[in-house]
Amino acid sequence: MQELDCSSEFDAARDAECFAAVPARPAVFVIEPREEFTGAKPYLLRAANLRERLKRLLGPPEPASKRLNLREFAARIRYRVAASPFELNFLHWQHARLLWPATYRERARLRAPAILKVSLTNAYPRCYATRRIGANGFYFGPFRSRRAAEAFASGFLDLFKIRRCQIKIRRDTAFPGCMYSEMKMCLAPCFAGCTKEEYDAEVGRVTAFLGTGGASLTAELERERAAASEALDFERAAAVHRRIEKAAEALRGLPELARRLEDLSAVILQRAAEKNAVAVFVVRSGRIEEPRMLRFAALASEPRSVEQILREWLEPPAALEAAAAPLNSPPRCRELEDHLGLLARWFYKKPRVGEMFFREATARSSAAGPQDAASAKRNSEWPYRRILRGCSRLLAPEDGELTTDAHG
């Protein structure tokens, strides 16, 4: 965890000097209590401008104001500067979780994002939107909102025949069924309209569709269309072609961030607080790792290239990668929900500050068939050239900032 690496003592008699000693930059900070406040916990806050926020919190109170004032409470300020909103939120979450284990989500205003779940522990699974991650199941997301997740599910589930009802399946032949079974849009396990094996096969097609970004269904339908054309069954070929168009329509509004959680691996680049430096946040299976720093001024004398350094960070040995695999315990699931919430908050915010580059899963690349096996490995690699170009864009001078040379 990133520590609050800067501190400043607070003396109310010399508050102007104390305020001048802290930077006017975004930061996460803690106001520690004086000795007489026995048992009091420190205040953890984040600010877009640390100096101005401290002036409001620790300055002389206004008699008619109800604003929180900690002038008589504060003994010391510890803080860490964060150069980007993503780093600020991640740092605040880390310390809030440590300080308030039971209520950190409410204090950090963090909510688990909406995802789609296929509960594989159920005998007859269905796909539905949720904000909870459990030990077992197939998860896909995160989405901007629950409404967006449900809208996507409603569109693509029309292409399959798994159930959408929430009843307990008893396989009763006397059960009347529902409108989906009447419209031939469900295999109807409720009244034994299919075998368990047939339903499991359909669930497998749904998870393959989500896991490959729709490529598995598209490839299946294209083969079916080609077979119908060769058999001169043009009506069948036209019907299959309409299903391909429907699948493309269902995928059109799918955000790039939404994918099977095991395949949600990416690199997030943020401008660092240090000069000529980029903070690299690696995301593996939806979990955000501690940031690593690319200090380009110091790298000029390094024998390794920036790409070699990135490869060491992004491609650990197989043993280490297996050891770092996500655990399915409840605390780890809750932590994953938090990380996905931080990712969704940053990714769907407009405008979005920083750069993100995904690592495409091999399964997604090779879903079209065995003929793509040769390109699967290539497509599963990290886009190093694009990452380096993203670093260059982040290090470009901002408006009103003096231009520096290549060596800082």
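Parameters and conventions
- Residues numbered from 1 in each chain as written.
- Predicted model: local features only at pLDDT ≥ 70, side-chain atom pairs only at ≥ 80, totals over all residues.
- Heavy atoms only, no water.
- Helix = DSSP H or I, 4+ residues; strand = E, 2+ residues; numbered from the N terminus.
- Buried < 20%, exposed > 50% of the residue type's maximum accessible area, 1.4 Å probe, protein only.
- Contact = heavy atoms within 4.5 Å.
- Areas by Shrake-Rupley, 256 points an atom, 1.4 Å probe, with all protein chains shown as cover.
- Core = buried A, V, L, I, M, F, W, Y, C linked by side-chain atoms within 4.5 Å.
- Pairing = 2+ DSSP bridges.
- Axes fitted to C-alpha atoms, helices over the stretch in contact; angles between N-to-C directions.

(A) Geometry of the overall build of the chain. Helix and strand counts for the chain stand at 16 helices and 13 strands. Within the span of the chain, comprising 408 residues, buried residues form 43% of the whole. Across the chain, every contact between residues at least 6 apart in sequence was considered, and the portion connecting residues at least 24 apart equals 63%. With the model as given, the accessible surface of the chain reaches about 21900 Å², and the carbon-plus-sulfur share is 52%.

(B) Molecular detail of the nonpolar core. Core analysis: the biggest nonpolar cluster contains 41 residues, and Ile133, Ile268, Ile288, Leu343 and Met356 have the highest contact counts within it. Those elements that provide at least two residues to this core are β2 (27-33), α3 (85-99), α4 (104-108), β9 (266-271), β10 (277-284), α13 (330-347) and β13 (355-358). Among the elements that take part in this core, α13 stands out by supplying eight residues, more than any other. Those residues in contact with Ile288 that sit more than four places away from it in its chain are Phe86, Phe90, Phe281, Val282, Val283, His339, Leu342 and Leu343. In terms of nonpolar packing, the next biggest core, distinct from the first, is built from 33 residues, Phe156, Ile162, Cys190 and Cys194 among them.

(C) Examining the sheet that holds strand β1 (residues 6-9) more closely. Sheet architecture is open: four strands sit in the order β1-β4-β2-β3, paired in antiparallel fashion. Two strands lie at the open edges of the sheet, namely β1 and β3 (43-47), each paired on one side alone. In this sheet, neighbouring strand axes are inclined to one another by 25° on average, regardless of whether the strands run parallel or antiparallel. The sheet contacts of helix α2 (residues 50-58) involve β2, β3 and β4 (74-81), and relative to β2 the element is tilted by about 30°.

(D) Focus on the sheet that holds strand β7 (residues 138-143). The antiparallel open sheet is built from four strands, whose spatial order is β6-β5-β7-β8. Either end of the sheet is taken by a strand with one partner, and the two such strands are β6 (127-130) and β8 (259-260). For strand β5 (residues 114-118) and β6, the ladder comprises four bridges, and the chain directions are antiparallel. Of the residues in β6, the one forming a bridge with Lys117 is Tyr128. Against the sheet, helix α5 (residues 146-156) makes contact with β5, β6 and β7, and its axis sits at roughly 40° relative to β5, the strand it touches most.

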